[in-house]
Amino acid sequence: LQLITLSGSLDIDDFIFNITGSLIMYFIVKSSNVNALVRNIFLLEKNKINIKKLLLLILIICIIFLITFHYVRKVAEHYYYDYEEHNKIHNPYITFIYNKDCSDNNLFYENEIYKYYLDCYDKDSFYLFINNEDKLTVTDFLDNSKYIYNIDRVLSGMEHDNIKYTIEHKYKYYLIELNMINNYGYTVPSNFENDYVKVVVKMVSSGYELNFIPKKIGNTKVDISYEIRNGSEIVDIVKNSFNVMIDNNLELNFHKID
């Protein structure tokens, strides 16, 4: 019916439950007393029926049904509880609490490559209220709590509430711009790290951002590659190479090698 009506979805559970149910019903109907009862009802025959055996069979079927129903209900409750708990952790309901007074104390979060500043509000009075139960700073929420979340989702919520912010790069970076044409796909370049520098790749709306993090004094070469794909076919492999120089103050400079 799903095939004919192009509705629903078909998976292995459909085969397991439907075939198992059909086999159980087949053996029930094939038992002599049930078969005789069915033939008496639909074919108007007058077969003798052992009432005790028939009642015993009905009792067994009822017991099996009740046990199965109880088990299925427990499993459903367990999965529903797990889903609710999972949702609270991975998709919490968040509201923002803050004072509207402007302040210079507005660095509200920092990660490996960025600093995030509120355009006006004081970060010590800027909180997230999660699931109507936890009041946390952005840093505690993202780095020191049970919740599985990321800064991009926080920023999306701030934009929705018209809370202005600014992002500052901690290190020098290079933007690889992508031309979104011909429905081509692009693989994400891998992060790069050696003794002198670490390069963290961040996807942005226009392409890939390469953030160069200095580690120690010296010169090194960095190669970053990605594939252009048309479906499963590799159309091209693009390689970007950089000479990186790090001075005595761990100040980093680079230039792209053509």
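Structural data are supplied above this passage.
Residues numbered from 1 in each chain as written. Predicted model: local features only at pLDDT ≥ 70, side-chain atom pairs only at ≥ 80, totals over all residues. Heavy atoms only, no water.

This paragraph deals with the side chain of Asn211. By the element assignment, Asn211 lies in strand β11 (residues 207–214). With a relative accessible area of 0%, Asn211 lands in the buried category. Contact partners of Asn211, with chain neighbours within four places excluded, come to Ile113, Tyr114, His169, Lys172, Tyr173, Lys198, Val199, Val200 and Lys202. (Helix = DSSP H or I, 4+ residues; strand = E, 2+ residues; numbered from the N terminus. Buried < 20%, exposed > 50% of the residue type's maximum accessible area, 1.4 Å probe, protein only. Contact = heavy atoms within 4.5 Å.)

Whether parallel or antiparallel, the strands of a sheet pair through hydrogen bonds between backbone atoms. Taking strand neighbours across the sheet as the criterion, the 4 strands line up as β7-β11-β10-β9 in an open arrangement whose pairing is antiparallel. In the strand order of this sheet, the two ends are held by β7 (173–177) and β9 (192–193), each with one partner. Bridging between β9 and strand β10 (residues 197–204) involves 2 bridges; their strand directions are antiparallel. Note on β10: the bridge partner recorded for Phe192 is Val199. (Pairing = 2+ DSSP bridges.)

Here the focus is the packing of aromatic side chains. Under the defined criterion, the tally for this structure stands at 18 aromatic pairs. When the ring of Tyr174 is compared with that of Phe254, the centres are 6.4 Å apart and the planes differ by 85°; the resulting orientation is edge-to-face. Here Tyr174 is found in strand β7, whereas its partner Phe254 is found in strand β14 (residues 252–257), with 80 residues between them in sequence. Of the residues examined, Tyr174 reaches a relative accessible area of 26% and is grouped as partly exposed. Put simply, the rings of Phe96, Tyr98, Phe108, Tyr109, Tyr114, Tyr116, Tyr121 and Phe126 touch in pairs and so form one group of aromatic residues. Its guanidinium or amino end placed over the ring of Tyr127, Lys135 lies 4.6 Å from that ring's centre, counting from NZ or CZ. Residue placement shows Lys216 over the ring face of Tyr196; its charged tip is 5.1 Å from the ring centre. (Phe/Tyr/Trp six-rings, centres within 6.5 Å; stacked < 30°, edge-to-face > 60°. Lys NZ or Arg CZ within 6 Å of the ring centre and 35° of its normal.)

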